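Here is how the chains run, residue by residue.
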Amino acid sequence: MSACLTPPAISEDLLRRYDIAGPRYTSYPTADRFVEAFTVQQYEQALAQRASGALVGGSAPLSLYVHIPFCESVCYYCACNKVITRHHERAGEYLQALRTEMDLTLRHLGRLPGVSQLHLGGGSPTFLSDEELAQLMQDIQQRFRVAPGAEISIEVDPRTVSAERLRHLRGLGFNRLSFGVQDFDPAVQKAVHRLQSFEDVQALMQGARELGFESINVDLIYGLPLQTAASFQRTIAQVCELRPDRIALYGYAHLPQRFKPQRRIDIAQLPAAGDKLSMLSAAISGFLAQGYTYIGMDHFALPNDALSVAKRQGRLHRNFQGYSTQADCDMIGLGVSSIGRVGVTYSQNAKTLDEYYDLLRQGQLPVNRGLALNRDDLVRRAMIMALMCQGRVAFESIELAHLIKVPDYFRAELEQLRPLEEAGMVQLSADAIEVTALGWYFVRAVAMVFDRYLQADRTRAQFSKII
């Protein structure tokens with residue numbers, strides 16, 4: 001991708017034409033294409049094939065994701081799978097279910113598989129008590145061989161941790177933190193039901209640094225109710241003052257028909273697309289001016305962070321948590337609604353606790369949908385991930401890996417890229433596609449050209465807007 005030192009000007013016409021709904025492409029095919037016809041037996045077979053060494057890359061370490069669904073209070077913007085409760089005793093039953101799921105998984109995967117990346121997400125993993133977090137980490141380490149130097153990360157709600165809790169997390173082996181901030185403006189925080197002060201977050205980040213956490217991420221959202229370009233610029237300045245190692249900057253997706261808490265948001269208070277664009281542009285300008293590397297789409301990192309290093313070395317990957325340093329590898333998802341990838345399959349666990357618990361009580365892995373990728377899926381995944389991660393597709397690499405000729409296989413798609421080329425979003429040559437600085441704002445639209453499922457039915461109501 002061309003260097004993006006100064007965010008380019010985007011015309012109203014271009015915004016109107018291309019600010020469309022589309023996937024974030026944390027996978028291809030996207031999770032909405034998973035089907036219930038995919039069986040738990042197919043998932044078990046994929047695990048067994050990995051255990052036998054039959055899968056390409058089957059000897060590589062795993063990535064492990066554990067979903068903790070509980071939160072004490074609801075944030076109105078949230079689109080995560082969560083359970084709102086103040087009954088902390090519910091965590092005990094859930095941890096027992098996770099142990100059962102791990103044991104069932106290992107029946108097919110073999111004993112002590114290696115893990116190079118472990119992430120606890122939610123919900124709010126810090127809903128668990130110190131003792132419960134210690135128990136969970138012990139359960140994982142008894143069943144998986146967590147490699148020395150593994151990335152071990154946890155999502156942290158600043159409202160639920162203290163300096164003492166951070167010290168406990170560090171003692172458990174966590175070396176990366178992600179703080180959910182979203183916005184520091186008090187009016188915006190009130191509108192989304194998430195009050196937390198800049199000073200509290202600042203103190204926690206300082207404590208985390210003193211404890212030696214290797215990488216600290218801050219999550220932000222633009223497009224929230226009552227946000228303005230001016231108010232969000234203040235938040236950007238405050239985040240730059242905190243100087244986290246990584247920043248994840250997401251555009252708010254208002255989909256109240258899918259996510260019930262969003263119905264509490266007054267649509268009249270949401271900023272217009274043009275205002276959201278101003279926020280995004282100001283954020284990119286602000287972070288670049290402070291020395292951050294633009295990783296892509298929604299991620300920034302300091303130059304010495306592993307994410308920036310991976311981008312420079314062409315090792316950047318995208319998985320269900322977003323951009324990652326982890327090589328293109330298998331991921332085991334544990335917990336309610338978790339998504340995993342093994343071999344050429346994707347699988348997702350049951351989305352409700354009742355169904356999740358019921359399947360485990362039956363001695364069955366709690367998978368209830370997924371997808372087995374075909375050859376066309378794999379070719380298109382390679383194209384889309386190259387665009388999303390590197391901003392460039394070199395035809396030769398695709399052709400050697402998949403035994404095709406890109407100009408022939410994607411003749412129709414390359415023709416569909418012509419209007420984007422005329423708009424200055426991509427540069428096409430005889431042997432490559434390259435996303436421009438302007439096109440990086442709309443990289444999802446570029447990737448969508450190669451999405452066979454999306455092109456076939458044009459059903460996009462379930463996706464967020466690109467800007």
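Criteria and cut-off values
- Residues numbered from 1 in each chain as written.
- Predicted model: local features only at pLDDT ≥ 70, side-chain atom pairs only at ≥ 80, totals over all residues.
- Heavy atoms only, no water.
- Helix = DSSP H or I, 4+ residues; strand = E, 2+ residues; numbered from the N terminus.
- Rg over C-alpha atoms; globule rule 2.2 N^0.38 Å.
- Buried < 20%, exposed > 50% of the residue type's maximum accessible area, 1.4 Å probe, protein only.
- Contact = heavy atoms within 4.5 Å.
- Lys, Arg positive; Asp, Glu negative; His and termini not counted.
- Charge placed at Lys NZ, Arg CZ, Asp CG, Glu CD.
- Pairing = 2+ DSSP bridges.
- Axes fitted to C-alpha atoms, helices over the stretch in contact; angles between N-to-C directions.

Caption draft 1: Broad picture of the overall build of the protein chain. The helix and strand inventory of the protein chain stands at 19 helices and 19 strands. Relative to a compact globule of 467 residues, whose C-alpha radius of gyration would be 23 Å, the protein chain shows 22 Å and is just as compact. Principal-axis analysis of the C-alpha atoms places the extent of the protein chain at approximately 55 × 55 × 40 Å. With 467 residues in all, the protein chain has 59% of them scored as buried. Restricting the contact set of the protein chain to residue pairs at least 6 apart, pairs at least 24 apart contribute 73%. Charge-centre separation for the protein chain: the mean point of 49 positive side chains lies 1 Å from the mean point of 50 negative side chains.

Caption draft 2: Summary view of the pairing of strand 1 (residues 62–68). Among the seven residues in strand 1, seven count as buried, and that is most of the element. Both faces of strand 1 are covered, namely the face carrying Leu62, Leu64, Val66 and Ile68 and the face carrying Ser63, Tyr65 and His67. The sheet contact formed by strand 1 and strand 4 (residues 114–122) spans seven bridges and is parallel. Residue pairing in the sheet places Tyr65 in a bridge with His119 of strand 4. Two strands pair when backbone bridges link them, and strand 1 and strand 13 (residues 331–334) are joined in this way by four bridges, in the parallel orientation. Pairing of Leu64 across the sheet is with Ile332, part of strand 13.

Caption draft 3: Geometry of the sheet that holds strand 18 (residues 426–428). Taken together, three strands build an open sheet; the order of strands is 17-19-18 and the sheet is antiparallel. Edge strands, defined here as strands with exactly one partner in the open sheet, are strand 17 (392–394) and strand 18. For this sheet, the mean inter-axis angle between neighbouring strands, taken without regard to orientation, is 15 degrees. Judged from the three bridges that link them, strand 17 and strand 19 (residues 432–435) form a sheet pairing that is antiparallel. In the strand pairing of strand 19, Val393 is matched with Ile433.

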